[in-house]
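Each chain is listed here by its residues.
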Protein chains: 2
Amino acid sequence: MLTPAIVLVNTQLPENIGATARAMMNFGLGELRLVAPREIFPNKRAYELAGNASSVLDNARLFPTTRDAVADMERVYAATARQREMVKPVYTPYEATTRILQDNLKTAILFGPERTGLSNEDTTIADGIITIPTASALSSLNIAQSVVVIAYQWLQSGMAGGVPADNIPFNLNNKSPFASKEELQGFFERLERKLDDVDFWNVPEKKQKMWMNLQNIFTRANLTEQEVRTLHGVIRDLNKPV
Amino acid sequence: MLTPAIVLVNTQLPENIGATARAMMNFGLGELRLVAPREIFPNKRAYELAGNASSVLDNARLFPTTRDAVADMERVYAATARQREMVKPVYTPYEATTRILQDNLKTAILFGPERTGLSNEDTTIADGIITIPTASALSSLNIAQSVVVIAYQWLQSGMAGGVPADNIPFNLNNKSPFASKEELQGFFERLERKLDDVDFWNVPEKKQKMWMNLQNIFTRANLTEQEVRTLHGVIRDLNKPV
């Protein structure tokens, strides 16, 4: 059984990294990845909060960007409460953890910085959004407490034997393995370059939004390696001189 | 719908009181009771961690003992991971919150101090124990993170419409209301005094354990007011000079 990696993006307080490590170990998660934390890591305050979960911090890996941190992943979820103008499936912690268990793919769950949460760019990478249901009076969760909820739900779903979610859009019988995020990113880079070349965006100010929406379409499709190769071919061929 | 009160017993770090308040507001709980916190309350560091949940701290009530804090309650749960030599039902967070929803009684959930957890004396007051399932590698949860899990599960159970637990031992059709903890305590005091009088314990060193077990029997019975009155009568009559 593959267990998901927790990816903390631009975390401001080392205490939250430590509390995250402790919650991970409480609920059976071990792989922590840190994207450019604000304070130097390893960090004394993080270890203080981690307590007996120091091994999670010892094994944590640092990455310069979110893209790098998820390059080897097959599925990425973004934990965020913010409503976004993106067409992405939104899951409860229960739905997401059940899905992760059933997919049994290399999966990362992204958590954004304390004040701002995940950027739209980082959220775009994700296949789905995890939103923790909260009371209307206060919907903003502390980052380490969000990790607690999702890690707890992960262990719960596992103990329940991975109760099926309502519907599973992924083709589990597909012969070709799912594309890694790195492969998908390679396709995106080629596509963006080509679209730039052909002046696809018309008005430059519109590019950011349009490009995000485009990437979301392909991300949502859960492409296999074979399909990414096919799409590479499509771009190459469409771009051929006639 | 009655929502449970959170009772923090002898909390050492004001930060944990603040983080508890925030988690409570996140998941729809409002009533916080503090039993003799180690540092003076209200406390600046607690408010810093509470963030936008300062109203929960504003309304928190202080009590000298756990008994006082739950005197007006009809049900008490103890959140603890420690195995105890007590015959008490042990519930998962899901089972406990479902039960609390269905009972719709005045309920408190006790959380012990950071280092030691709840004392046996405080656990004895409880009708049931809530134990959060954890991975074997690290079973000790931070107190505020325990509150997060139980408060999250409370909101989840409520959103699910209070899915029935497997079995409900409480007689919800009982005509007499359940005894409050204060009424039960009044009975215990009378019983203990009488047992002391008759030298029931034989060996003094054995009293503590024996008395705890005895109290647990009556606590587990979920006595109604009428039943407590009856038991008072039983003691009185048994103690009459013949």
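Residues numbered from 1 in each chain as written. Chains lettered and ligands numbered in written order. Predicted model: local features only at pLDDT ≥ 70, side-chain atom pairs only at ≥ 80, totals over all residues. Heavy atoms only, no water.

Novice: How should I be thinking about the overall build of chain A in this particular structure?
Specialist: Of the regular secondary structure elements, chain A holds 10 helices and seven strands. Sorting the 242 residues of chain A into buried and exposed places 54% on the buried side. Summed over all atoms, the accessible surface of chain A reaches about 11,400 Å², with 52% contributed by carbon and sulfur. (Helix = DSSP H or I, 4+ residues; strand = E, 2+ residues; numbered from the N terminus. Buried < 20%, exposed > 50% of the residue type's maximum accessible area, 1.4 Å probe, protein only. Areas by Shrake-Rupley, 256 points an atom, 1.4 Å probe, with all protein chains shown as cover.)

Novice: I would appreciate a short explanation of the relation of the copies chain B and chain A in the present structure.
Specialist: Between the two copies of the chain lies a rotation about an axis combined with a shift along it. Relative to chain A, chain B is turned by 180° and slid 0.0 Å along the rotation axis, the superposed coordinates differing by an RMSD of 0.1 Å. These values place the two chain copies in the arrangement generated by a two-fold rotation axis. Counting the interface residues of chain B, we find that 100% of their copies in chain A are interface residues as well, pointing to one common contact surface. (Least-squares fit on C-alpha atoms with pLDDT ≥ 70 in both. Contact = heavy atoms within 4.5 Å.)

Novice: What should I look at first to understand the packing of aromatic side chains in this one?
Specialist: Tallied over the full model, the rule gives 13 aromatic pairs over all chains. Between Trp 201 of chain B and Trp 211 of chain B the ring centres are 5.9 Å apart and the planes differ by 70°, which places this aromatic pair in the edge-to-face class. Of this pair, Trp 201 of chain B sits in the loop between helix H8 (181-197) and helix H9 (207-220) while Trp 211 of chain B sits in helix H9, and the two are 10 residues apart along the sequence. Comparing Trp 201 of chain B with Trp 211 of chain B, the two get one shared label, buried. Grouping aromatic residues by their ring pairs yields a cluster made of Phe 187, Phe 188, Phe 200, Trp 201 and Trp 211 of chain A. For Arg 75 of chain A, the ring lying beneath its charged end belongs to Phe 178 of chain A, and the centroid distance is 4.1 Å. (Phe/Tyr/Trp six-rings, centres within 6.5 Å; stacked < 30°, edge-to-face > 60°. Lys NZ or Arg CZ within 6 Å of the ring centre and 35° of its normal.)

Novice: Please clarify how the environment of Ala 5 of chain A should be interpreted in this entry.
Specialist: Residues and elements named next belong to chain A. By the element assignment, Ala 5 lies in strand E1 (residues 5-9). Overall, the relative accessible area of 0% leaves Ala 5 in the buried class. The spatial distance from the C-alpha of Ala 5 to the C-alpha of Trp 201 is 36 Å, given a sequence separation of 196 residues.

Novice: Sorry, what's going on with the environment of Phe 187 of chain A here?
Specialist: Residue and element names in this part refer to chain A. For Phe 187, the location among the structural elements is in helix H8 (residues 181-197). Taking the C-alpha atoms as reference points, Phe 187 and Ala 126, separated by 61 residues in sequence, lie 16 Å from one another. The residues touching Phe 187, leaving out its near neighbours within four places in the chain, are Phe 218, Val 228, Leu 231, His 232 and Ile 235.

Novice: For this particular structure, what's the right way to read the sheet that holds strand E3 (residues 61-63) of chain A?
Specialist: Hydrogen bonds between backbone groups are what pair the strands of a sheet, and the pairing can be parallel or antiparallel. Residues and elements named next belong to chain A. Sheet architecture is open: seven strands sit in the order E3-E2-E1-E6-E4-E7-E5, paired in parallel fashion. Taken across any chain shown, the strands that pair with only one partner, and hence form the sheet edges, are E3 and strand E5 (90-91). When strand E4 (residues 75-79) meets strand E6 (residues 107-111), the two strands line up parallel, connected through five bridges. Residue pairing in the sheet places Tyr 77 in a bridge with Ile 109 of E6. (Pairing = 2+ DSSP bridges.)

Novice: Which parts of the structure should I look at to understand the interface of chain B and chain A?
Specialist: Residue-level contacts link 30 residues of chain B with 30 residues of chain A. Linking chain B to chain A there are zero salt bridges. Here chain B is connected to chain A by 11 residue pairs in polar contact (both at pLDDT 80 or more). When residues of the side of chain B that touches chain A are traced back to their parent elements, those giving at least two are helix H1 (14-26), helix H5 (93-103) and helix H7 (143-159) of chain B. Looking at the side of chain B that touches chain A, its residues break down into 19 nonpolar, 10 polar and one charged. (Salt bridge = Lys/Arg side-chain N within 4 Å of Asp/Glu carboxyl O. Polar contact = N/O pair within 3.5 Å; in protein donor to acceptor, adjacent residues only side chain to side chain. Nonpolar A, V, L, I, M, F, W, Y, C, P; charged D, E, K, R; others polar.)

Novice: It is not clear to me how the packing of helix H1 (residues 14-26) of chain A against helix H7 (residues 143-159) of chain A should be interpreted in this structure. Could you clarify?
Specialist: Relative orientation and spacing of two packed helices are given, respectively, by the angle between their axes and the distance between those axes. Residue and element names in this part refer to chain A. Packing of H1 against H7 leaves a shortest axis separation of 8 Å and a crossing angle of 10°. With respect to H7, the element H1 is oriented roughly parallel. In this structure, H1 uses Asn 16, Ala 19, Thr 20, Ala 23 and Met 24 to contact H7, whose residues at the interface are Ile 143, Ala 144, Val 147, Val 148 and Ala 151. In the contact of H1 with H7, the residues fall into eight nonpolar, two polar and no charged. (Axes fitted to C-alpha atoms, helices over the stretch in contact; angles between N-to-C directions. Parallel < 35°, antiparallel > 145°, perpendicular 65-115°, else oblique.)

Novice: Looking at this model, I keep getting lost on H7 of chain A. Mind explaining?
Specialist: Helical periodicity: at 3.6 residues per turn, an α-helix aligns residues three or four positions apart in one direction. Residues and elements named next belong to chain A. The end-to-end C-alpha distance of H7 is 24 Å, a good match for the 24 Å that 17 residues give at a rise of 1.5 Å each. Counting buried positions along H7 yields 15 of 17 residues, so the element is predominantly enclosed. At the N-terminal boundary of H7, the capping side chain belongs to Asn 142, with an oxygen 2.8 Å from the backbone nitrogen of Ala 144. (Expected span 1.5 Å × (residues − 1).)

Novice: In this structure, what is going on with unusual backbone geometry? I would like to understand it.
Specialist: As a rule of thumb, non-glycine residues mostly have phi less than zero, and peptide bonds are mostly trans rather than cis. Phe 41 of chain A connects to Pro 42 of chain A through a cis peptide bond whose omega is 5°. Residues other than glycine seldom take positive phi values, yet Ala 36 of chain B does so here, at roughly 35°. Looking at where Ala 36 of chain B falls in the secondary structure, it is placed in the loop between strand E2 (32-35) and helix H2 (44-50).

Novice: What is the right way to look at the side chain of Thr 107 of chain B in this model?
Specialist: Residue and element names in this part refer to chain B. Structurally, the position occupied by Thr 107 is in strand E6 (residues 107-111). At 3.0 Å, the side chain of Thr 107 and the backbone oxygen of Leu 105 are in polar contact. Discounting residues that sit within four places of it in the chain, Thr 107 has contacts with Pro 4, Ala 5, Met 73, Arg 75, Tyr 77 and Ile 100.

Novice: Help me understand the confidence of the model for chain A in this model?
Specialist: Regions with low pLDDT should not have their predicted coordinates read in detail. Residues and elements named next belong to chain A. Mean pLDDT over chain A works out to 86, with 89% of the residues at or above the 70 mark. Note on residues 162-174: pLDDT under 50 across the span, and 28 contacts to partners over four residues away in sequence or across chains. In the predicted complex, the global pTM is 0.78; the interface-specific ipTM is 0.75. (pLDDT = per-residue confidence, 0-100.)

Novice: Looking at this structure, how should I read empty space enclosed by the protein?
Specialist: The gaps of empty space that remain are located by a probe, the size of a water molecule, rolled over the atoms. Residues and elements named next belong to chain B. In total, this model carries three cavities of 30 Å³ or more according to the counting rule given. Computed from the structure, the largest cavity encloses a volume of approximately 70 Å³. Every residue lining the largest cavity is listed: Glu 74, Arg 75, Asp 127, Phe 178, Ala 179, Ser 180, Lys 181, Leu 184, Phe 218, Thr 219, Asn 222 and Leu 223. If you list the elements that add at least two residues to the lining of the largest cavity, you get H8 and H9. A per-class count over the lining of the largest cavity returns five nonpolar, three polar and four charged. Taken as a whole, the second largest cavity holds about 50 Å³ of empty space. (1 Å grid on protein atoms, 1.4 Å probe; cavity = no way out; pocket = protein on both sides within 12 Å on 5 of 7 lines; lining within 4 Å. Points joined across faces, edges and corners; volume = space filled by probe spheres on them.)

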